[in-house]
Amino acid sequence: MTQKHAPDSALLAKAETLTEALPYMQRYAGKTFVVKYGGHAMGDPELARDFAEDVVLLKAVGINPVVVHGGGPQIGAMLKQLDVESEFIDGLRVTDRETARVAEMVLSGAINKELVSWIGQAGGRAVGISGKDGGFVTATKVRRTQKDPDSNIERIVDLGFVGEPSHVDRSLLDTISSAGMIPVVAPIGIGEDGHTYNINADTMAGAVAAAMGASRLFLLTDVPGVLDKKGNLLTDLCPSDIGALREDGTISGGMIPKLETCVQAVESGVDAAVILDGRVPHAMLLEVFTRRGAGTLVRV
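Rules used throughout
Residues numbered from 1 in each chain as written. Predicted model: local features only at pLDDT ≥ 70, side-chain atom pairs only at ≥ 80, totals over all residues. Heavy atoms only, no water. Helix = DSSP H or I, 4+ residues; strand = E, 2+ residues; numbered from the N terminus. Rg over C-alpha atoms; globule rule 2.2 N^0.38 Å. Buried < 20%, exposed > 50% of the residue type's maximum accessible area, 1.4 Å probe, protein only. Contact = heavy atoms within 4.5 Å. Areas by Shrake-Rupley, 256 points an atom, 1.4 Å probe, with all protein chains shown as cover. Lys, Arg positive; Asp, Glu negative; His and termini not counted. Charge placed at Lys NZ, Arg CZ, Asp CG, Glu CD. Polar contact = N/O pair within 3.5 Å; in protein donor to acceptor, adjacent residues only side chain to side chain. Core = buried A, V, L, I, M, F, W, Y, C linked by side-chain atoms within 4.5 Å. Phe/Tyr/Trp six-rings, centres within 6.5 Å; stacked < 30°, edge-to-face > 60°. Axes fitted to C-alpha atoms, helices over the stretch in contact; angles between N-to-C directions. Parallel < 35°, antiparallel > 145°, perpendicular 65-115°, else oblique. Left-handed = near helix turned anticlockwise from the far one by under 90°. 1 Å grid on protein atoms, 1.4 Å probe; cavity = no way out; pocket = protein on both sides within 12 Å on 5 of 7 lines; lining within 4 Å. Points joined across faces, edges and corners; volume = space filled by probe spheres on them. Pairing = 2+ DSSP bridges.

**Topic: the overall build of the protein**
What the protein contains, in helices and strands, is 9 helices and 18 strands. Against the compact-globule benchmark of 19 Å for 300 residues, the protein has a radius of gyration of 21 Å, which places it among compact chains. Along the longest, intermediate and shortest principal axes, the C-alpha atoms of the protein span 90 × 45 × 35 Å. Residues counted as buried form 45% of the 300 residues belonging to the protein. Partitioning the intrachain contacts of the protein with sequence separation of at least 6 by distance along the chain shows that 73% fall at a separation of at least 24. For the protein, the exposed area adds up to about 15200 Å²; of that, 52% sits on carbon and sulfur atoms. In the protein, which carries 29 positive and 38 negative side-chain charges, the distance between the mean positions of the two groups comes to 4 Å.

So, in structure tokens, the structure goes:
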């Protein structure tokens, strides 16, 4: 007499998860996802391993991921180690020639190649580049103004070699992706003046997503997303919502430039932008392949 065994509940749950993910895999096959990877998750080997596995999985199911990484804390640590003094204006680092040299060394060197290595260990093939490679990103010098508290007159602030993308040539990324590899991008650009410019990683990711006509832009950060005044996660926003939340003080500080990047991206043709907590294991997969999602999605 044979006895029937009930299926293992854990295995059944995994099968149901795959079934739930199937329509999303079909929807995004052949699409481009641009992922900005930064924050404290970059310093945690376990989270870095999870992130690399997620990116490799996206590639395996037919999605084309492009990774853009930051590295502010690592640059700061290296400047301190080399005894290079940093000047800040309104919280923004002034990047003189020596600081720019160190930033490029850290971003295009140590961090970039470490991410390439993590993706390789997860079974993927990655190529590390910066905006200087192949004329990929042309940068222009950032101009900022500061209001004098006494006279109330605005003056131009020179942040040195800090830039923003003025043109993105996607051909290099297309070549890498079509060869079955994952581009890993350091936020460095070259100006028409021949100078090297350090670019904010969120800004770089948004510009790359717009140039690629990406289906999704993910900004992985150190917060769950946009929270209302009661601390609840706001899961779905449009540009007009963001304007109202800024006016009533719900969003402030570092969240403002992130949301500005999201708005610029979706208004430039990106289907949607998502702010996610990079400290949550596999947050990107939860956002993409489940009905509930995991962060704040911005779309027009």
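Having seen the model, we can carry on.
**Observations concerning the side chain of K258**
Note on placement: K258 falls in helix α8 (residues 255-267). Here D202 takes part through its side chain, which lies 2.7 Å from a polar atom of the side chain of K258. What K258 contacts, discounting residues up to four positions off in sequence, is K36, D202, L219, T221 and I275.

**Concerning the nonpolar core**
Ranked by size, the top nonpolar core spans 42 residues in total, and within it Y37, F51, V67, I119, F218, M284 and F289 carry the most contacts. Per-element tally for this core: the top contributor is helix α4 (residues 97-121), with 9 residues. Setting aside residues no more than four positions away along its own chain, M284 makes contact with V35, F51, D54, V55, L58, F218 and L276. Grouped together as the second largest cluster of nonpolar side chains are 39 residues, I129, L219, A273 and I275 included.

**Describing the packing of aromatic side chains**
On inspection of all chains with the given rule, the structure shows 4 aromatic pairs. With a centroid separation of 5.2 Å and 70° between ring planes, the pair formed by Y28 and F33 is classed as edge-to-face. Overall, Y28 belongs to the buried group, its relative accessible area being 5%. Overall, the relative accessible area of 0% leaves F33 in the buried class. Relative to F51, the ring of Y37 lies with its centre 3.9 Å away and its plane at 5°, an arrangement referred to as stacked. Of the two residues, Y37 is situated in strand β1 (residues 32-37) and F51 in helix α2 (residues 45-60); the sequence distance between them amounts to 14 residues. The buried category is assigned to F51, whose relative accessible area is 5%. An aromatic cluster is built from Y28, F33 and F218, whose rings are joined through pairwise contacts.

**Regarding the packing of helix α3 (residues 72-81) against α4**
Axis separation between α3 and α4 bottoms out at 9 Å; the angle between their running directions is 125°. On the basis of their axis angle, the class for α3 and α4 is oblique. At the point where α3 passes α4, the crossing takes the right-handed sense. Contact with α3, carried on its side by Q74, I75, M78 and L79, involves T99, V102, A103, M105, V106, L107 and I111 of α4 and no other residues of that element.

**As for empty space enclosed by the protein**
Scanning the entire structure with this criterion turns up 1 cavity of 30 Å³ or more. Roughly 90 Å³ of internal volume is contained in the largest cavity. As for the largest cavity, its lining consists of 13 residues, and the residues nearest its centre are F51, D54, L220, G278 and V280. The element that contributes the greatest number of residues to the lining of the largest cavity is α2, accounting for 4 residues.

**Observations regarding the layout of surface pockets**
In this structure, the second largest pocket occupies an estimated 250 Å³ of space. Along the wall of the second largest pocket there are 16 residues; nearest its centre are R216, E287, R291, G293 and L297. For the lining of the second largest pocket, the secondary-structure elements that each account for two or more residues are α1 (9-28) and α9 (283-289). With 3 residues, α1 is the largest single contributor of residues to the lining of the second largest pocket.

**Looking at the sheet that holds strand β12 (residues 196-199)**
In space, the 4 strands of this closed barrel follow the order β6-β9-β12-β11, with mixed pairing throughout. The average undirected angle you get between the axes of adjacent strands in this sheet is 60°. Two elements, strand β6 (residues 137-141) and strand β11 (residues 188-191), share 2 bridges in a ladder whose sense is parallel. Pairing of T138 across the sheet is with I190, part of β11. Against the sheet, helix α6 (residues 201-212) engages β6, β9 (162-168), β11 and β12, with an angle of about 5° to β9.

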